[in-house]
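# Secondary and tertiary structure notes
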Amino acid sequence: MLKKAIVKKPAKSFQYGITKAQLGQPDYDITLIQHEKYIESLKIAGLSVQVLNADENYPDSTFVEDIAIVNEKLAIITNPGAVSRKGEIISIKPVLEEYYDNLHKILPPGTVDGGDVLKVENHYFIGLTNRTNIEGANQLETILKEYNYTTTKIYLDKILHLKTGISYLGNNIILVWKELAEIKEFKEFFEKNGMTMVISDPNELYSANSLRLNDFVLIPKEYPILHNKLKELDFNILTLSMNEFQKMDGGLSCLSLRF
Ligand code: CIR
């Protein structure tokens, strides 16, 4: 059961963050409204939400998922792969110290973005991308193993973060891009654990980043194919307009730390 979420208000500098989306400039006022609605969705799902103040120095800082990995046992502050995001970790430390005695850290030359770290029950998949390097992934594995989690590293290219293309929806159901589902390590794991795969429709790739929140699944608005598939699987679905965040390459999971 998830109890708590940490989010960070988008900064006015949001539009100056990193993006390859080519969807135009985000509208700040609409961004704020979408962020408010995101907070409401977390609350509907039963989480209490701590809202951190915006940090103008870091345009991407609303994407808090990338700067820490949190679960029921421990928290790890990452060393984000993008140079412009490294300073984001400073302000999260005191916040996480309120909840965790055992706060770990990824140290340089290791880099990890939380968006590359997917938890499936007691197993973690770690994507090796432009943001997460092998030194970072190795450090992360060592820490997670201390707490009895198992891990698999996955080499990826052509994708920003691992979780851009895959989400675990609970109940042994995985939502995933076809090209990722075909990766040997994923295939073996899904088969071995008898998991059900929901393959993203090629026209709805953005919605592969969705979020299981207690009794609900939060998906981006206007992805009818996914919506129908999840309805057939009996999920309680919440939807949210995410187009301003999408312009900055952000998805639903990126906007919070949940534990
Ligand atoms: C970035 O490129 O770092 C941000 N503009 C988007 C980060 C999205 N985070 C995520 O997928 N976990």
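Above this text is the structure in question.
We now examine the sheet that holds strand β11 (residues 196-199). As a general point, the strands of a sheet are linked pairwise by backbone hydrogen bonds and lie either parallel or antiparallel. Read from one edge of the open sheet, three strands run β9-β10-β11, paired in mixed fashion. Strands with a single pairing partner mark the edges of an open sheet, and in this sheet they are β9 (166-168) and β11. Each neighbouring strand pair of the sheet contributes to a mean axis angle of 20°, computed without reference to strand direction. The pairing of β9 with strand β10 (residues 173-176) spans three bridges and is antiparallel. Paired with I166 across the bridge in β10 is V176.

Strand order in the open sheet formed by three strands is β12-β13-β14, and the pairing between neighbours is mixed. On the outer flanks of this sheet lie β12 (211-213) and β14 (236-240), each paired with one strand and no other. Strand-to-strand twist in this sheet, taken as the mean axis angle between neighbours without regard to direction, amounts to 30°. Pairing geometry for strand β13 (residues 216-220) and β14, over five bridges, is parallel. Counterpart to P220 in the pairing with β14 is L240. Against the sheet, helix α1 (residues 28-44) makes contact with β12, β13 and β14, and its axis sits at roughly 165° relative to β14, the strand it touches most.

So, how was this worked out
- Residues numbered from 1 in each chain as written.
- Predicted model: local features only at pLDDT ≥ 70, side-chain atom pairs only at ≥ 80, totals over all residues.
- Heavy atoms only, no water.
- Pairing = 2+ DSSP bridges.
- Helix = DSSP H or I, 4+ residues; strand = E, 2+ residues; numbered from the N terminus.
- Axes fitted to C-alpha atoms, helices over the stretch in contact; angles between N-to-C directions.
- Contact = heavy atoms within 4.5 Å.

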